[in-house]
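Next come the chains, spelled out residue by residue.
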Amino acid sequence: MNPAAAPRMKRDAALAILARHVTDEIVVAVYQAAFDWMAMAPHDLDYVSVGAMGRASSHALGQALGRPEKRVLVFDGDGSLLMNLASLVTIANAAPANMIHLLFQNDCYEANGSHPIPGAGRVDFAAMARAAGYRTAVTVSDLEAFAVLAPRLVAAPGPAFAALTIEAGQPSPQDYAYIHSSEARERFRRAL
């Protein structure tokens, strides 16, 4: 399906569905998804990597390989993933069974002025993940369908990928001071 033609979920609504199924997983989140997640479902295993655009998937892979007994969820952005497309092949090659890659696809660099990404409306990220060798890769644009898929996805053998076609929901506070703080790093380190 052409992502531009697809209906879109509100990001905060999709995250609220995920929050019902996340318990003790490591969550690697970037940019607005990170802020939304911290506002609705903060926990000590939140690894926030705002400021590392393009590196969420690589950071999540490191966590997944370093802690194979823990599930790792990455909340990536499409603009961010475009800056590190090679990570799809690297992740598929490493084949971490504990890693779930969720792409929040809004077809723009939301954190940087909402400028369109290259190929906006034409890029099929799930097809890229499948071609790279992910075990599972789907695109979801309907909130009800995502509500059914989410618990299976969180528990799926990885590497699994889901491109969630989204639009901004209610904005959460952007607490950059906390995200960049030693407190955030220490809290995660202790929990890990």
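Heads up: these notes are all about the structure in this document. (Residues numbered from 1 in each chain as written. Predicted model: local features only at pLDDT ≥ 70, side-chain atom pairs only at ≥ 80, totals over all residues. Heavy atoms only, no water.)

A few words now on the side chain of serine 87. With respect to the helices and strands, serine 87 occurs in helix H5 (residues 86-94). Exposure remark for serine 87: the relative accessible area of 3% places this residue in the buried category. (Helix = DSSP H or I, 4+ residues; strand = E, 2+ residues; numbered from the N terminus. Buried < 20%, exposed > 50% of the residue type's maximum accessible area, 1.4 Å probe, protein only.)

Those residues of helix H1 (residues 11-19) lying buried are Arg11, Asp12, Ala14, Leu15, Ile17 and Leu18. Close packing links the buried residues of H1 with strand S1 (9-10), helix H2 (31-40), strand S4 (72-77), strand S5 (99-105), helix H7 (143-155) and strand S9 (160-167). (Contact = heavy atoms within 4.5 Å.)

It is worth spelling out the pattern of salt bridges at this point. This structure, assessed with the given rule, holds seven salt bridges. Of the charged contacts, one joins aspartate 24 and lysine 70 as a salt bridge, the two residues approaching to 3.4 Å between their closest N and O atoms. Remark: lysine 70 occurs in the loop between helix H3 (56-66) and S4 and aspartate 24 occurs in the loop between H1 and strand S2 (26-29); sequence separation between them is 46 residues. Salt-bridge contacts for arginine 190 lead to glutamate 186; the nearest nitrogen and oxygen are separated by 3.6 Å. Remark: glutamate 186 and arginine 190 occur in helix H9 (residues 182-191); sequence separation between them is four residues, near one turn of the helix. (Salt bridge = Lys/Arg side-chain N within 4 Å of Asp/Glu carboxyl O.)

To continue, consider the pairing of S2. Here S2 shows a buried face lined by Ile26 and Val28 and a second buried face lined by Val27 and Ala29. Direction of pairing for S2 relative to S4: parallel, over a ladder of four bridges. By the bridge assignment, alanine 29 is partnered in S4 with phenylalanine 75. Taken together, the three bridges between S2 and strand S3 (residues 46-48) define a ladder with parallel strand orientation. Paired with alanine 29 across the strands is valine 48, a residue of S3. As for the winding sense of the linkage, the β-α-β connection from S2 through H2 to S3 is right-handed. (Pairing = 2+ DSSP bridges. Right-handed = clockwise from strand over helix to strand, strands pointing away.)

Approximately 190 Å³ is the volume attributed to the second largest pocket. Per-element tally for the lining of the second largest pocket: the top contributor is H2, with three residues. Broken down by class, the residue content of the lining of the second largest pocket amounts to seven nonpolar, one polar and four charged. (1 Å grid on protein atoms, 1.4 Å probe; cavity = no way out; pocket = protein on both sides within 12 Å on 5 of 7 lines; lining within 4 Å. Points joined across faces, edges and corners; volume = space filled by probe spheres on them. Nonpolar A, V, L, I, M, F, W, Y, C, P; charged D, E, K, R; others polar.)

The linkage connecting glycine 158 with the following residue, proline 159, adopts the cis geometry, with an omega of 0°. Here proline 159 is to be found in the loop between H7 and S9. Although it is not a glycine, alanine 95 sits at a positive phi angle of roughly 50°. In this fold, alanine 95 is placed in the loop between H5 and S5. A residue is classified by how much of its surface remains accessible, and alanine 95, at 39% relative accessible area, is partly exposed.

So, on to the nonpolar core. Formed by 34 residues in total, the largest nonpolar core has its most connected members in Leu18, Phe75, Leu102, Phe104, Phe146 and Leu164. At the level of secondary structure, the elements contributing two or more residues to this core comprise H1, S2, H2, S4, S5, H7, S9 and helix H8 (176-179). If near-sequence neighbours (up to four positions away) are discounted, leucine 18 is found in contact with Trp37, Phe75, Leu102, Phe104, Phe146, Ala150 and Val154. In terms of nonpolar packing, the next biggest core, distinct from the first, is built from 26 residues, Ala60, Ile91, Tyr134 and Ala137 among them. (Core = buried A, V, L, I, M, F, W, Y, C linked by side-chain atoms within 4.5 Å.)

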